Amino acid sequence: MTETIEITTEYITLGQLLKLSGVVDTGGAVKPFLAEHDVYLNGEPENRRGKKLYDGDLVELPDIGKFEISR
């Protein structure tokens, strides 16, 4: 099931998404999480915590969930 993450700005970063969705508790936990887990942005591997996510982007974390950005 895909969870929708509502944003009010033009974009959010991958790190912000991981915090907003509750996948990680703090910003400091983002980098180690990305080093240990596969993350896909629109079907492509992504590991940059500062990667900008825009309306319509889909982030998939195998065994955790899918998140769609919506504005």
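Scope of this entry: the structure provided in the associated data block.

Let's shift gears to the overall build of the protein chain. For the protein chain, the count of helices and strands is 2 helices and 7 strands. Going from N to C terminus, the protein chain has its helices and strands arranged as β-β-α-α-β-β-β-β-β. Since a compact globule built from 71 residues should have a radius of gyration of about 11 Å, the 11 Å found for the protein chain is in line with a globular shape. Each of the three principal axes of the protein chain carries a C-alpha extent, and together these read 30 × 20 × 20 Å. In the protein chain, buried positions account for 32% of the 71 residues. Relative to all contacts within the protein chain whose residues are 6 or more apart in sequence, the contacts with residues 24 or more apart total 48%. Accessible surface, the protein chain as shown: approximately 4,600 Å² in total, 43% of it carbon and sulfur. Computed over 8 positive and 13 negative side-chain charges, the separation of the two mean positions in the protein chain equals 9 Å.

A few words on the environment of Gly 65. Considering the arrangement of structural elements, one finds Gly 65 in strand S7 (residues 65-70). When residues no more than four places from it in sequence are discounted, the contact partners of Gly 65 are Val 59 and Glu 60.

What follows covers the environment of Asn 42. Looking at where Asn 42 falls in the secondary structure, it is placed in the loop between strand S3 (40-41) and strand S4 (44-45). Among residues more than four places away in sequence, those in contact with Asn 42 are Gly 56, Asp 57 and Leu 58. A polar contact is formed between the side chain of Asn 42 and the side chain of Asp 57, at a distance of 3.0 Å.

This part takes up the sheet that holds S3. Taken together, 5 strands build an open sheet; the order of strands is S1-S7-S6-S3-S4 and the sheet is mixed. The open sheet is flanked by strand S1 (2-6) and S4, the only strands paired with a single partner. Alignment of S3 against S4, held across 2 bridges, turns out to be antiparallel. Within S4, the position partnered with Tyr 40 by the bridge is Pro 45.

With that settled, consider the nonpolar core. Grouped together as the largest cluster of nonpolar side chains are 17 residues, with contacts concentrated most on Leu 14, Leu 17, Leu 18, Leu 53 and Val 59. Elements that contribute at least two residues to this core include exactly helix H1 (14-20), helix H2 (30-36), strand S6 (58-61) and S7.

Rules used throughout
- Residues numbered from 1 in each chain as written.
- Predicted model: local features only at pLDDT ≥ 70, side-chain atom pairs only at ≥ 80, totals over all residues.
- Heavy atoms only, no water.
- Helix = DSSP H or I, 4+ residues; strand = E, 2+ residues; numbered from the N terminus.
- Rg over C-alpha atoms; globule rule 2.2 N^0.38 Å.
- Buried < 20%, exposed > 50% of the residue type's maximum accessible area, 1.4 Å probe, protein only.
- Contact = heavy atoms within 4.5 Å.
- Areas by Shrake-Rupley, 256 points an atom, 1.4 Å probe, with all protein chains shown as cover.
- Lys, Arg positive; Asp, Glu negative; His and termini not counted.
- Charge placed at Lys NZ, Arg CZ, Asp CG, Glu CD.
- Polar contact = N/O pair within 3.5 Å; in protein donor to acceptor, adjacent residues only side chain to side chain.
- Pairing = 2+ DSSP bridges.
- Core = buried A, V, L, I, M, F, W, Y, C linked by side-chain atoms within 4.5 Å.

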